[in-house]
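A structural walkthrough
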Amino acid sequence: MGEIPRTATSAQGGTAPEFTARTSRRVARKGSKHPTDRARAHWLVRMNYSNRFLVCALLGLPLSAHLLDIGAPSWLWGLLIAQFYIYPHLLYWRARLARDQLRAEMPHLMMDCAASGAWAAALGFPTWLSFVLFACNNINFVAFYGGRTGVPRLVGAMGLGAAVVWFSGLHYPLNPDTGVAATVLSMVALTLYLVAFGHTGHQRALAWRKSNLKLREQYKKINALQARLREQAVRDPLTGLYNRRHLGEVLEPELARCRAARSSLAVVLIDVDHFKCINDTRGHAVGDLVLQSLAQLMQRHVRAQDMVFRYGGEEFLLLLPDISLETAAQRAEALRTAFGQTPMRVSAKEAPPLTVTLSCGVAAFPLHAEQGEALISCADQALYAAKRQGRNRTQVWQPGAHAVCG
Ligand SMILES: Nc1nc2c(ncn2[C@@H]2O[C@H](COP(=O)(O)OP(=O)(O)OP(=O)(O)O)[C@@H](O)[C@H]2O)c(=O)[nH]1
């Protein structure tokens, strides 16, 4: 029968999951003894059922008027009742029981068209009735298959139904006229069907818009959450500074940029002096406050292009691009002095303010090292020298005084 339409739209609204949830709720409300009965119908099958039921109920009226006009025999009346008032329910029942509901539904649509063609031919192709039969089937087909596939199939199936009846001779003579009642009822039926179709299409568009807005909001929230997670992944939770992992990500690219621009890059390693002692005497919480206030001070002291990292426990690293070694050392010295000269009130009122000193080691690219790791190693050796010389000082790496960096 051809390919199952994957993107077919429902004039009755709703996707399959929506339908299932909605139906389950409705079943629960009604307290049905067989909750799976209704829940089993695919939404496309339900859409076709609603469309077929409505179109048959409407088209049965002008056809009845025409049968009255031509004084049709009782078997034709029986056929009309079977075709327009029983057949839609039988097809729905059959499709719902099928294992593959969509596949089962496709021949039903072809049967609709073949039957409509047969009715038009059987009645001698009355213009209005043939037209509304064609138009209504056309709408249903296009809604299910789309225009490109739907229209040729529709014409083929209707033509086949009409040809079978016409060439078997089971038809009234060719008569394009219809009575006033049949004509008016045809117009009314077509109009009502179009209105109903348009209305459900409108409802569906509104539902889509609503779910679209909801999706957009969710998308925004997910984006914001992702940005927050990305930020959290590169930040140290205690101080809010960049973490060591992020240093690993930015150091080499920054060196490459400075190399290309023939510029310099200074690294300053900063360590809090006797920090263990602060922890031991004032408590770990006070130690944390010291680290936080140092972090804030460093952020105030840097330029927009500088970066501040928490390198380890009480060790911090400044990355200062496009700066001479002398200036970097002066900046480290200014930071050390500012921190050491500002006693901190970080614990209970009766406790004396805390004076904390820093030791700093400075190294610069390309003067001391070409690679990132070697550059940090130079700064670390300079820091170690500062500690050895009594702490609370800034030391620039010197080739003769320390081990070779690279
Ligand atoms: N409060 C607090 N303490 C930390 C944190 N991370 C590391 N530490 C502590 O920092 C202390 C570092 O001690 P050491 O490496 O001996 O250094 P120090 O006492 O500063 O000695 P010098 O560096 O030689 O002056 C250890 O006691 C760690 O437990 C932290 O996030 N918060």
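Residues numbered from 1 in each chain as written. Predicted model: local features only at pLDDT ≥ 70, side-chain atom pairs only at ≥ 80, totals over all residues. Heavy atoms only, no water.

1. Looking at the overall build of the protein chain
Which entries qualify depends on this criterion: Strands are runs of DSSP state E lasting at least 2 residues, helices are runs of H or I lasting at least 4, and numbering of each runs from the N terminus. The buried label applies to any residue whose accessible area, calculated with a 1.4 Å probe on protein chains only, is under 20% of its type's maximum; exposed applies above 50%, and partly exposed to all values in between. Residue contacts follow a heavy-atom distance rule, with two residues in contact if any of their heavy atoms lie within 4.5 Å. Computed with the Shrake-Rupley method and a 1.4 Å probe, the accessible areas treat only the protein chains shown as cover for residues.
For the protein chain, the count of helices and strands is 13 helices and five strands. Counting all 406 residues of the protein chain, 44% fall into the buried class. Pairs at least 24 residues apart make up 73% of the contacts formed inside the protein chain by residues separated by at least 6 positions. Per element, the accessible surface of the protein chain, about 21700 Å² overall, is 61% carbon and sulfur.

2. Looking at the UniProt feature "transmembrane region" (unreviewed entry) in the protein chain
Quick reminder of the rule: UniProt positions are given in the numbering used here, feature names are shortened, and annotations may be inferred rather than shown by experiment.
Residues given the UniProt feature "transmembrane region" (unreviewed entry) here are residues 49-68, 74-93, 154-174 and 180-200. Annotated as residues 49-68, this span is 100% helix and 0% strand, and its ends, taken at the C-alpha atoms, are 28 Å apart. Taken end to end, residues 180-200 has its terminal C-alpha atoms 30 Å apart, with 100% of it in helix and 0% in strand.

3. Focus on the site of the ligand
Just so we agree on the cut-off: Here a residue is near a molecule or strand as soon as one of its heavy atoms is found within 4 Å of it. Contacts described as polar in this section are N or O atom pairs within 3.5 Å, which, within protein, must combine one atom able to donate a hydrogen with one able to accept it, while residues neighboring in sequence count only if both atoms come from side chains.
In the vicinity of the ligand lie 17 residues, with Phe275, Lys276, Asn279, Asp288 and Arg310 positioned nearest. Between the ligand and His274, the relevant distance is 2.8 Å, taken from an oxygen atom to a main-chain nitrogen or oxygen of the residue. One nitrogen or oxygen atom from the main chain of Phe275 is found 2.7 Å from an oxygen atom belonging to the ligand. When isolated, the ligand has an accessible area of 670 Å², and the protein chains bury 66% of it. Within the residue set of the shell around the ligand, elements represented by two or more residues are strand E1 (265-272), helix H10 (275-282) and helix H11 (284-301).

4. Describing the sheet that holds strand E4 (residues 358-365)
Hydrogen bonds along the backbone pair up the strands of a sheet, which may run parallel or antiparallel. Here is the rule: DSSP calls a pair of strands paired once it identifies at least 2 bridges connecting them. Note on method: axes are straight lines fitted to C-alpha atoms, helices fitted across the in-contact stretch only, with angles between N-to-C directions ranging 0 to 180 degrees.
Ordered by their spatial adjacency, five strands build an open sheet running E2-E3-E1-E4-E5, and the pairing between neighbours is mixed. Both edges of this open sheet fall to strand E2 (307-310) and strand E5 (394-396), since each of them pairs with a single strand only. Going across the sheet, the axis of each strand differs from the next one's by a mean of 20°, ignoring polarity. Contacts between helix H13 (residues 372-388) and the sheet are confined to E1, strand E3 (315-321), E4 and E5, with E4 contributing the most and set at about 150° to the helix.

5. Quick word on the environment of Ser168
Looking at the element boundaries, Ser168 is found in helix H7 (residues 147-168). Of note is the side chain of Ser168, whose polar atom sits 2.8 Å from the backbone oxygen of Val164.

6. A short note on a nonpolar patch on the surface
Put simply, the rule is: Residues qualify for a patch when their relative accessible area is over 30% and they have no salt bridge, like charges being joined within 9 Å and the nonpolar side chains of Val, Leu, Ile, Met, Phe, Trp and Tyr within 5 Å. Criterion for a salt bridge: a side-chain nitrogen of Lys or Arg within 4 Å of a carboxyl oxygen of Asp or Glu.
There is a patch of nonpolar side chains on the surface, built from Leu61, Ile81, Tyr85, Ile86, Leu90, Trp93 and Leu97 and spanning about 680 Å² of accessible area. Looking at the nonpolar patch element by element, the count peaks at six residues for helix H4 (residues 74-97). You can see Ile86 is positioned in helix H4. By relative accessible area, Ile86 is classed as partly exposed at 42%.

7. Quick notes on the packing of H10 against H11
The angle between the axes and the distance between the axes are what describe a pair of packed helices. How we decide: Under this scheme an angle from 65 to 115 degrees is roughly perpendicular, one under 35 degrees roughly parallel, and one over 145 degrees roughly antiparallel; angles in between are oblique.
The geometry of H10 relative to H11 is characterised by a closest axis approach of 6 Å and an angle of 135° between their N-to-C directions. Taken as axis vectors, H10 and H11 run oblique relative to one another. In this structure, H10 uses Phe275, Ile278, Asn279 and Arg282 to contact H11, whose residues at the interface are His284, Val286, Gly287, Val290 and Leu291.

8. As for the pattern of salt bridges
As enumerated under the stated definition, the model contains 15 salt bridges in all. Between Arg257 and Glu254 there is a salt bridge, with the nearest N and O atoms lying 2.9 Å from each other. Placement of both Arg257 and Glu254 in helix H9 (residues 244-260) is noted, with a separation of three residues, approximately one turn of the helix. A relative accessible area of 36% means that Arg257 is categorised as partly exposed. The shortest N-O distance in the salt bridge between Glu333 and Arg336 comes to 2.5 Å. In this pair, Glu333 and Arg336 are both assigned in helix H12 (residues 325-340), three residues apart and thus about one turn of the helix distant. In this structure Arg336 comes out as buried when scored by relative accessible area, which is 12%.

9. Considerations on the packing of aromatic side chains
To describe a pair of aromatic rings, one takes the distance between the centres and the angle between the planes. To keep it simple, the criterion reads: Side-chain rings of Phe, Tyr and Trp, where Trp is taken by its six-membered ring, are said to pair if the distance between their centres is within 6.5 Å; with planes under 30 degrees apart they count as stacked, over 60 as edge-to-face, and otherwise as tilted. Two thresholds decide whether a charge sits over a ring: the Lys NZ or Arg CZ must be within 6 Å of the ring centre and within 35 degrees of the ring normal.
All told, the structure shown has eight aromatic pairs when counted by the stated rule. With a centroid separation of 5.3 Å and 50° between ring planes, the pair formed by Phe141 and Tyr145 is classed as tilted. Within this pair, Phe141 and its partner Tyr145 are both found in helix H6 (residues 127-145), separated by four residues, close to a single helical turn. Centre to centre, the rings of Tyr242 and Phe309 are 5.8 Å apart; their planes meet at 40°, and the pair counts as tilted. Here Phe309 lies in strand E2 and Tyr242 lies in the loop between helix H8 (180-234) and H9, a separation of 67 residues in the sequence. The buried category is assigned to Phe309, whose relative accessible area is 0%. Taken together, the aromatic side chains of Tyr49, Phe53 and Tyr92 make up a single cluster linked through ring pairs. Its guanidinium or amino end placed over the ring of Tyr242, Arg235 lies 4.1 Å from that ring's centre, counting from NZ or CZ. One cation-aromatic arrangement involves Arg244 over Tyr311; the distance from NZ or CZ to the ring centre is 3.9 Å.

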